[in-house]
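One-letter residues, chain by chain:
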Amino acid sequence: MSVLVVVECDGGEVKKSSLEVASYGSQVAQLLGTSATAVAVGEATEANLAKLGEQGITKVLYDAEPRLKDFVNGAYTKLIAAAAQQEDAKVIVLANSNIGAAVGSRLSVRLQASLATNVVELPKADGGSFTVKRGAFSGKAFADVTLAGERKIIAVKKNSIEALHEAGKTAEVVSFSAQLSDADFADAPKQVVLQDQAGGILLPEADKVVSGGRGMKGPENWKLIEDLAQALGAATACSKPVSDVDWRPHHEHVGQTGITVSPNLYIACGISGAIQHLAGVNSSKVIVVINKDPEAPFFKAADYGIVGDVFDVLPKLTQAVKELG
Amino acid sequence: MKFLVCISNVPDTTTKITFTPDNKEFNKAGVQFVINPWDEYALTRAIELKEAQGGGTVTVLNVGEADTEPNIRKALAIGADDAIRVNAFPKDAFFVAQQIANIAKDGGYDVILMGKESIDYNGFQVHGMVGELLGIPTVAPAMKLDMSGNTATLEREIEGGKEIVEVNTPFVASCQQPMCEPRIPNMRGIMTARTKPLKVVEPTGEGARTEVSAYALPPAKQGVKLIPAESAGELIKLLRNEAKVI
Ligand SMILES: Cc1cc2nc3c(=O)[nH]c(=O)nc-3n(C[C@H](O)[C@H](O)[C@H](O)COP(=O)(O)OP(=O)(O)OC[C@H]3O[C@@H](n4cnc5c(N)ncnc54)[C@H](O)[C@@H]3O)c2cc1C
C-alpha cells in the first residue's frame with residue numbers, strides 16, 4: 001500500500017506544479033501512515049529526480065524510453081498504471097494539468113478508481129470516508145467530494161498547495177519499464193510546437209501574472225506589460241478580445257474560454273473584469289486592478305486597485321519594482 | 001461519417017451561484033440553463049466537418065432529466081440531425097462517461113466530440129473515461145480538428161505550446177477554442193428542430209464513484225484597497241510588505 005505521485009518533467013527539470021503534487025502526495029502518505037513513491041514522465045535527469053526527496057518522496061520510478069519525452073496518452077497511461085500496480089498504490093496524485101487530466105481520466109477507468117480533479121486542499125480521511133475539496137462553478141464555489149472505493153486519484157490544482165522543501169533529502173531513483181509496445185504510441189505527437197513565452201515563464205505554471213485588456217489600446221503598447229512582467233518575474237496574459245484581434249497570441253488568453261490561472265499575484269491592466277474573464281482568474285490569491293474607470297467591475301474582485309491610466313501607472317510600477325532590488 | 005457530440009446543460013455563465021440551505025445542491029431557482037460553452041465548439045465543428053464532407057450525421061447526446069430538452073432542441077436548431085437523451089441526473093463524470101460509452105458502442109460513431117469541461121463541475125474527466133471505456137484514443141484538449149478520410153489531424157494544447165496529433169477513427173476529442181466560431185440557431189433551424197428525432201433512453205451501468213457532500217462559496221473579498229495613481233509605486237511596497245506576494 002502506498003501513495004503514487006505522477007511527476008511531470010520538462011527539459012530535464014521537474015515542473016513546479018509537480019513539486020506541489022509531490023508535496024501533496026507525501027503529506028497524504030503521512031496521513032495514511034505509508035510512504036510516497038513517484039513515477040516520472042517526460043525528460044528528466046537522475047539528479048533532479050533525486051531532489052524530489054526534498055518534497056518527501058522516498059523513491060522515484062523512471063523509464064528512460066526516449067519516446068516518452070513528449071506526452072503520449074496511451075503510453076503514459078500504461079506506464080503509470082503499471083507503476084500503480086507494482087507499488088499497490090491506493091492513492092494516485094497528479095497535477096490538474098492538461099497531461100494530468102488526460103491521463104488521470106483514463107487511469108480512473110483502467111484502475112477502477114474514483115477521481116477528483118481541480119483539488120485545492122489536502123484530503124480529510126476519517127472513519128473510512130475520504131473527502132477532498134475542489135473548485136467548482138468556474139472558481140465561483142467549492143465542492144467537498146467524497147471518493148468511493150479502494151483506489152482514488154486526485155488531480156491537484158496549481159498554486160493551491162505550498163511545495164515542501166527539506167533541503168538535502170534525496171529520493172532513490174529506480175529504473176522502471178512498463179514494457180511498452182509500438183501500439184502504445186499510436187497517439188504520439190507528429191510534431192511539438194513550442195510557443196514564445198515572455199521571459200521563459202509558462203502562463204499556466206506562473207505564480208505571478210501581468211495581464212492586459214483592450215484598455216492597452218494596441219499591441220505596440222505591450223512593452224509596458226512586458227517590462228513590468230520581466231521586473232517581477234511574471235508571465236504575461238490578456239483578455240479574450242485582445243487575442244481575438246491578434247494583439248496577443250491565443251495561448252495568453254485567460255478566462256472562461258481561455259486558460260484558467262491561479263497565481264499568487266494577478267495584475268489586470270485595462271481589463272473591465274467581465275464575468276467570463278473573472279472565471280479564469282478569480283482564484284488568484286491577490287488581484288490588483290489598474291483601470292481608469294472607477295466603476296469597472298474588476299474592482300469588486302480586487303484586493304488592491306489603482307484608478308488611473310495604464311500608460312501613466314505601469315511605468316511607475318516597473319520603476320518601483322526595480323528599486324526594490 | 002457519424003459524429004456524436006456530447007452536450008451538458010449548465011447554468012448561464014453570468015449566474016450568481018447559490019446553494020440549497022443544506023449546501024448539498026446547486027440552487028436552480030430562477031437560473032437560466034445553457035449549452036455548456038465549451039460544448040458549442042464541439043457541436044459547431046462537427047456540423048462544419050459534416051457539411052465539408054457533404055454527408056454523414058451529427059447526433060447530440062445529453063445525460064439529463066427532461067428539463068434539459070430546450071437546450072437539446074437548441075443543438076438541433078444549430079444543425080445537429082438527431083438527439084438522444086439519457087434520462088438520468090448526471091451524478092458524476094464516471095456515471096456520465098458510462099452512458100456516453102454505451103450509446104457510442106451501439107451506435108457505431110466514428111468521432112465523439114465534447115467540450116473540454118463543463119463550467120459547473122469543471123471536471124475535465126469525461127473525455128478520457130469515454131476513450132478508456134471504449135478502448136480508443138482520446139485527444140484532450142483539442143484546439144483544432146481536421147479530417148481527411150478516416151484520419152484526423154488535431155492540435156492539442158500542452159503547457160507552453162501545442163502538439164500536432166494524428167489519430168484514426170474512432171476517437172474521442174474534447175474541444176476548446178479557437179477550434180471554430182460557435183454558431184447560433186437561425187429561424188429556419190429553430191423551425192426544423194421541432195421535427196427532428198429526440199430519443200429518450202434509460203441509463204445503464206454502475207452508479208457514481210464520487211459524491212458531493214457539501215458546496216461552499218469562497219470567503220467574501222475584504223474590499224479593494226485603493227492607491228492613488230500619483231503614488232502608484234506604493235502599491236509595490238504593499239505587495240511586498242503586506243500581501244507578501246513579491
Ligand atoms: C461565451 C463567452 C465567453 C467569453 N470568454 C472570455 C474569456 O475567456 N476571457 C475574457 O477575457 N473574456 C471572455 N469573454 C468576453 C468578456 O465578456 C469581455 O468582453 C472581455 O473580457 C472584455 O475584455 P476587456 O476587459 O479587455 O475589454 P473592455 O470590456 O473593452 O474593457 C476595457 C477596459 O479598459 C479600461 N481602459 C481603457 N483605457 C484605459 C486606460 N488608458 N487606462 C486604464 N484603463 C483603461 C476601460 O475602462 C475598460 O474597463 C467571453 C464572452 C462570452 C460571451
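Residues numbered from 1 in each chain as written. Chains lettered and ligands numbered in written order. Predicted model: local features only at pLDDT ≥ 70, side-chain atom pairs only at ≥ 80, totals over all residues. Heavy atoms only, no water.

With that out of the way, let us pick up the overall build of chain A. Of regular secondary structure, chain A possesses 9 helices and 16 strands. The C-alpha atoms of chain A give 21 Å as radius of gyration, which agrees with the globular expectation for 325 residues (20 Å, within 12%). Principal-axis analysis of the C-alpha atoms gives chain A an extent of 60 × 45 × 40 Å. Burial analysis of chain A (325 residues in total) assigns 60% to the buried set. Contacts in chain A between residues far apart in sequence, at least 24 positions, make up 65% of those at least 6 positions apart. Accessible surface computed for chain A: about 12100 Å², of which carbon and sulfur atoms make up 49%. The distance from the centre of the 31 positive side-chain charges to the centre of the 37 negative ones in chain A is 4 Å. (Helix = DSSP H or I, 4+ residues; strand = E, 2+ residues; numbered from the N terminus. Rg over C-alpha atoms; globule rule 2.2 N^0.38 Å. Buried < 20%, exposed > 50% of the residue type's maximum accessible area, 1.4 Å probe, protein only. Contact = heavy atoms within 4.5 Å. Areas by Shrake-Rupley, 256 points an atom, 1.4 Å probe, with all protein chains shown as cover. Lys, Arg positive; Asp, Glu negative; His and termini not counted. Charge placed at Lys NZ, Arg CZ, Asp CG, Glu CD.)

In the numbering adopted here, UniProt assigns the feature "domain: Electron transfer flavoprotein alpha/beta-subunit N-terminal" (unreviewed entry) to residues 3–192 of chain A. For residues 3–192 of chain A, the helix share is 26%, the strand share is 36%, and the end-to-end C-alpha distance is 32 Å. (UniProt positions renumbered as here; feature names shortened; annotations may be inferred.)

What follows covers the pattern of salt bridges. Applying the stated criterion across every chain, the model contains 31 salt bridges over all chains. Its salt-bridge partner being lysine 221 of chain B, residue aspartate 303 of chain A comes within 2.8 Å of it at the nearest N-O pair. Note that aspartate 303 of chain A is positioned in the loop between helix 8 (298–301) and strand 16 (304–307) and lysine 221 of chain B in the loop between strand 12 (210–216) and strand 13 (225–226), a pairing that runs across two chains. Where arginine 45 of chain B meets glutamate 48 of chain B, a salt bridge forms, and the shortest distance between an N and an O atom there is 2.5 Å. Taken together, the residues span about one helical turn, with arginine 45 of chain B and glutamate 48 of chain B both in helix 1 (residues 37–53) at a distance of 3 residues. By relative accessible area, arginine 45 of chain B is classed as buried at 12%. Through salt bridges that share partners, Glu65, Arg67 and Asp182 of chain A make up one connected network. (Salt bridge = Lys/Arg side-chain N within 4 Å of Asp/Glu carboxyl O.)

The next thing to look at is the interface of chain A and chain B. Taken residue by residue, the interface counts 84 residues in chain A and 75 residues in chain B. Taking both partners together, chain A and chain B bury about 6700 Å²; carbon and sulfur atoms supply 58% of that area. Counting the surface chain A buries against chain B, the share from its top three residues, Asn98, Phe137 and Tyr304 of chain A, is 12%. Here chain A and chain B share 40 residue pairs in polar contact (both at pLDDT 80 or more) between them. With 9 residues, helix 4 (residues 98–110) of chain A is the largest single contributor of residues to the side of chain A that touches chain B. (Buried area = accessible area lost by both parts, 1.4 Å probe. Polar contact = N/O pair within 3.5 Å; in protein donor to acceptor, adjacent residues only side chain to side chain.)

We now examine the site of the ligand. All names here are of chain A. In the vicinity of the ligand lie 26 residues, with Lys217, Ser239, Ser272, Gln276 and His277 positioned nearest. Between the ligand and the protein, one listed contact pairs an oxygen atom with a backbone N or O atom of glutamine 256 at 3.0 Å. In the environment of the ligand, an oxygen atom lies 2.7 Å from a nitrogen or oxygen atom belonging to the side chain of glutamine 276. Burial of the ligand by the protein amounts to 76% of the accessible area it has alone, namely 980 Å². Where the shell around the ligand is concerned, the elements lending two or more residues are helix 6 (240–244), helix 7 (275–281) and helix 9 (310–324). Of the residues that constitute the shell around the ligand, the class distribution is 6 nonpolar, 14 polar and 6 charged. (Near = heavy atom within 4 Å. Nonpolar A, V, L, I, M, F, W, Y, C, P; charged D, E, K, R; others polar.)

For the rest of this paragraph, the subject is the nonpolar core. Ile100 and Ile112 of chain B are the most contacted members of the largest nonpolar core, which has 56 residues in total. Top element by residues in this core is helix 3 (residues 93–107) of chain B. It accounts for 8 residues. Not counting chain neighbours up to four residues away, the residues in contact with isoleucine 100 of chain B comprise Leu4, Cys6, Leu61, Ile112, Val126 and Val130 of chain B. If you look at the next biggest cluster of nonpolar residues, it comprises 42 residues, including Val3, Tyr24, Ala136 and Leu147 of chain A. (Core = buried A, V, L, I, M, F, W, Y, C linked by side-chain atoms within 4.5 Å.)

Following alanine 140 of chain B, the chain continues into proline 141 of chain B via a peptide bond in cis, with omega recorded as -10 degrees. With respect to the secondary-structure elements, proline 141 of chain B resides in strand 7 (residues 138–148). Going from glutamine 177 of chain B to proline 178 of chain B, the amide bond is cis rather than trans, its omega being 5 degrees. Topologically, proline 178 of chain B is positioned in the loop between strand 10 (171–175) and helix 5 (187–193). We note that phenylalanine 137 of chain A has phi near 50 degrees; this positive angle belongs to a residue other than glycine. Mapping phenylalanine 137 of chain A onto the fold places it in the loop between strand 7 (129–136) and strand 8 (141–147). When its relative accessible area of 6% is taken as the criterion, phenylalanine 137 of chain A is described as buried.

On to the packing of aromatic side chains, then. Applying the stated rule across the entire model yields 9 aromatic pairs over all chains. One aromatic cluster is present, built from ring pairs that chain together Phe137 of chain A together with Phe19, Phe26, Phe33 and Tyr215 of chain B. Over the aromatic face of tyrosine 121 of chain B sits the side chain of arginine 134 of chain A, whose NZ or CZ is 4.3 Å from the ring centroid. Residue placement shows arginine 209 of chain B over the ring face of phenylalanine 94 of chain B; its charged tip is 3.6 Å from the ring centre. (Phe/Tyr/Trp six-rings, centres within 6.5 Å; stacked < 30°, edge-to-face > 60°. Lys NZ or Arg CZ within 6 Å of the ring centre and 35° of its normal.)

The next subject is helix 4 of chain A. Two residues of an α-helix separated by three or four positions point the same way, owing to the 3.6 residues in each turn. Residue and element names in this part refer to chain A. Its 13 residues give helix 4 an end-to-end C-alpha distance of 19 Å, which sits within 8% of 18 Å, the value for a rise of 1.5 Å per residue. Taking burial as the measure, the 13 residues of helix 4 include 12 buried ones, the bulk of the element. Residues Asn98, Ile99, Gly100, Ala101, Ala102, Val103, Gly104, Ser105, Arg106, Leu107, Ser108 and Val109 constitute the buried set of helix 4. Positive phi appears at glutamine 112, one or two residues downstream of helix 4, with a value of about 50 degrees. (Expected span 1.5 Å × (residues − 1).)

The next thing to look at is the side chain of threonine 131 of chain A. Relative to the helices and strands, threonine 131 of chain A resides in strand 7. The buried category is assigned to threonine 131 of chain A, whose relative accessible area is 16%. In terms of polar contacts, threonine 131 of chain A uses its side chain to reach the side chain of threonine 146 of chain A, at 3.5 Å. Sequence-distant contacts of threonine 131 of chain A, that is, excluding residues within four places in its chain, are made with Pro123, Lys124, Asp144, Val145 and Thr146 of chain A together with Ser213 of chain B.

What follows concerns helix 1 (residues 16–32) of chain A. Residue and element names in this part refer to chain A. Between the first and last C-alpha of helix 1 there are 25 Å, a value that for 17 residues agrees with the 24 Å anticipated at 1.5 Å per step. Burial in helix 1 covers these residues: Ser17, Ser18, Glu20, Val21, Ala22, Ser23, Tyr24, Gly25, Ser26, Val28 and Ala29. Looking at the buried side of helix 1, the elements it contacts are strand 1 (2–14), strand 2 (36–44), strand 4 (89–95), strand 5 (114–119), strand 7 and strand 9 (152–156). Positive backbone phi, at 70 degrees, marks glycine 33, one or two positions downstream of helix 1.

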